[in-house]
Amino acid sequence: DVKVTQSSRYLVKRTGEKVFLECVQDMDHENMFWYRQDPGLGLRLIYFSYDVKMKEKGDIPEGYSVSREKKERFSLILESASTNQTSMYLCASSIPGTRQETQYFGPGTRLLVL
Amino acid sequence: SQQGEEDPQALSIQEGENATMNCSYKTSINNLQWYRQNSGRGLVHLILIRSNEREKHSGRLRVTLDTSKKSSSLLITASRAADTASYFCAYGNTGGFKTIFGAGTRLFVKA
């Protein structure tokens, strides 16, 4: 079974702090994704990566950056956390391809920015 | 917005009844997927149906796809209290690289 883990289930940070959310997958997947989920808005893609050191902006990249130094690890960075970044953050991975294959999700990190 | 639309937004049924959720989308797609999310958890993949398929089954799940109407439905038969969750459709546009998720249907199955 594919396993995607996220570094924290719950996180509380203060405005202006730099926040790191880490995601690790154990299935050698090329593709990895970061989403945020807010009530009534569904999942919105922040960034995705299709290979080590490669990244592409999603729909809402502003205020975020990512790092993919190793294939199994994809980090989301909030450079200076703001209250409007309070949300549920979901990481996912998938096999490569252009047909938008099945994504395997981590358990999520619920971030509260005070 | 490219976001898929799901209907209904919320559904409450008795255990043993069938639950039907619908998803509509706006573009040509490669495939359509359904995911389930228990409260406060990540999404779990349930089933994927390709654009050239019309119906697919997996256990108590039945998914249909009508590309002419740009719609899909998920049927859960003989529902159980453990089926209580949010259900999301997700699809990939032809020529695109990302998967687009709907806003979800919240299903509550009463024991």
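What this report covers is the structure whose coordinates are included nearby.

Rules used throughout
Throughout this description, residue numbers start from 1 for each chain and increase along the sequence as written. Ligands are numbered from 1 and chains lettered from A, in the order in which they are written. Where local features are concerned, this predicted model is filtered to residues with pLDDT of at least 70; where side-chain atom pairs are given and counted, the filter is 80 or more; whole-chain, interface and lining totals use all residues. For side-chain calculations, the full set of non-hydrogen atoms in the structure is used, while hydrogens and water are omitted. By the criteria applied, helices consist of DSSP H or I runs no shorter than four residues and strands consist of E runs no shorter than two, each listed in order from the N terminus. Atoms counted for the radius of gyration: C-alpha only. Globule rule: 2.2 Å times residue count to the power 0.38. Buried means the residue's accessible area, taken with a 1.4 Å probe over protein chains only, is under 20% of the maximum for its type, while exposed means over 50%, and partly exposed covers the values in between. Every residue pair with non-hydrogen atoms within 4.5 Å of one another is taken to be in contact. To measure how exposed things are, a 1.4 Å probe is used in the Shrake-Rupley method; for residues, cover is taken only from the protein chains shown. Whether two strands pair depends on DSSP finding at least two bridges between them. Each axis is a line fitted through C-alpha atoms, and for a helix only the stretch in contact is used; angles between axes span 0 to 180 degrees, taken between their N-to-C directions. Disulfides are defined as pairs of cysteine sulfur atoms found within 2.5 Å of each other. Two joining distances apply to patches: 9 Å for like charges and 5 Å for nonpolar side chains (Val, Leu, Ile, Met, Phe, Trp, Tyr), and every residue must have over 30% relative accessible area and no salt bridge. What makes a salt bridge here is a side-chain nitrogen of Lys or Arg within 4 Å of a carboxyl oxygen of Asp or Glu, nothing more. We define a polar contact as two N or O atoms separated by no more than 3.5 Å, with the added condition that, inside protein, one atom must be a possible hydrogen donor and the other a possible acceptor, whereas residues neighbouring each other in sequence contribute only through side-chain atom pairs.

**A closer look at the overall build of chain B**
Consideration 1: From N to C terminus, chain B includes zero helices and eleven strands.
Consideration 2: Taken from the N to the C terminus, the helices and strands of chain B come in the order β-β-β-β-β-β-β-β-β-β-β.
Consideration 3: By the compact-globule yardstick of 13 Å for 111 residues, chain B fits well, its C-alpha radius of gyration being 13 Å.
Consideration 4: In terms of principal-axis extent, the alpha carbons of chain B reach across some 45 × 25 × 20 Å.
Consideration 5: Out of the 111 residues in chain B, the part that is buried amounts to 45%.
Consideration 6: Looking at chain B alone, contacts between residues at least 24 apart form 57% of all its contacts between residues at least 6 apart.
Consideration 7: Element-wise, carbon and sulfur atoms account for 46% of the exposed surface of chain B, whose accessible area totals about 5200 Å².

**Digging into the sheet that holds strand β1 (residues 5-7) of chain B**
Strand pairing in a sheet takes place through backbone hydrogen bonds and is either antiparallel or parallel in direction.
Residues and elements named next belong to chain B.
Consideration 1: Pairing is antiparallel in the open sheet, where five strands are placed in the order β1-β3-β8-β7-β6. The sheet is open, and its two edges are formed by β1 and β6 (55-58), each paired on a single side. The sheet shows a mean angle of 15 degrees between the axes of neighbouring strands, taken without regard to direction.
Consideration 2: Pairing analysis gives six bridges linking strand β3 (residues 19-24) to strand β8 (residues 71-76), with the strands arranged antiparallel. Looking across to β8, one finds that Ala19 is bridged to Ile76.

**Comments concerning the state of the cysteines**
What makes a disulfide is a covalent bond joining the sulfur atoms belonging to two cysteines.
Residues and elements named next belong to chain A.
Consideration 1: Applying the stated rule across the entire model yields two disulfides over all chains.
Consideration 2: The residue that forms a disulfide with Cys23 is Cys91, at a sulfur-sulfur distance of 1.8 Å. Taking the sign of the S-S torsion, -75 degrees for the link of Cys23 and Cys91, the bridge is left-handed. Note that Cys23 is positioned in strand β3 (residues 19-25) and Cys91 in strand β9 (residues 87-94), a separation of 68 residues in sequence.

**Considering a nonpolar patch on the surface**
Residue and element names in this part refer to chain A.
Consideration 1: A cluster of nonpolar side chains, Val12, Leu112 and Leu114, forms an exposed patch at the surface whose accessible area comes to about 260 Å².
Consideration 2: Relative to the assigned elements, Val12 resides in strand β2 (residues 10-13).
Consideration 3: By relative accessible area, Val12 is classed as exposed at 55%.

**A closer look at the pattern of salt bridges**
Consideration 1: For the structure on display, the rule yields eleven salt bridges over all chains.
Consideration 2: A salt bridge links Lys71 of chain A to Asp28 of chain A, with the shortest nitrogen-to-oxygen separation between them at 3.2 Å. One end of the pair, Lys71 of chain A, is in the loop between β7 (64-70) and β8 (73-78); the other, Asp28 of chain A, is in the loop between β3 and β4 (31-38), and 43 residues separate them in sequence.
Consideration 3: By relative accessible area, which is 23% here, Lys71 of chain A ends up partly exposed.
Consideration 4: Its salt-bridge partner being Arg36 of chain B, residue Asp83 of chain B comes within 3.9 Å of it at the nearest N-O pair. In this pair, Asp83 of chain B sits in the loop between β8 and β9 (85-93) while Arg36 of chain B sits in strand β4 (residues 29-37), placing the two residues 47 residues apart along the sequence.

**Brief notes about the pairing of β4 of chain A**
Sheet faces and side chains relate simply in a regular strand, where the side chains alternate between the two faces.
Residue and element names in this part refer to chain A.
Consideration 1: Along β4, eight of the eight residues are buried, which leaves the element largely enclosed by surrounding structure.
Consideration 2: Where β4 meets β9, seven bridges bridge the pair, whose relative direction is antiparallel. Counted as the bridge partner of Met32 is Ser93 from β9.
Consideration 3: Of the pairings in the sheet, the one linking β4 to strand β5 (residues 42-49) comprises seven bridges and is antiparallel in character.

**Concerning the environment of Gln103 of chain A**
Consideration 1: Looking at the element boundaries, Gln103 of chain A is found in the loop between β9 and β10 (104-105).
Consideration 2: By relative accessible area, which is 1% here, Gln103 of chain A ends up buried.
Consideration 3: Expressed as a C-alpha distance, the spacing of Gln103 of chain A and Asn31 of chain A, which sit 72 residues apart in the sequence, is 9.0 Å.
Consideration 4: In this structure, Gln103 of chain A is in contact with Phe33, Tyr35, Ala92, Ser93 and Ser94 of chain A together with Gln33, Tyr35, His45, Thr99 and Phe101 of chain B, ignoring residues within four places of it in sequence.
Consideration 5: Side chain to side chain, Gln103 of chain A and Tyr35 of chain A meet in a polar contact 2.8 Å long.

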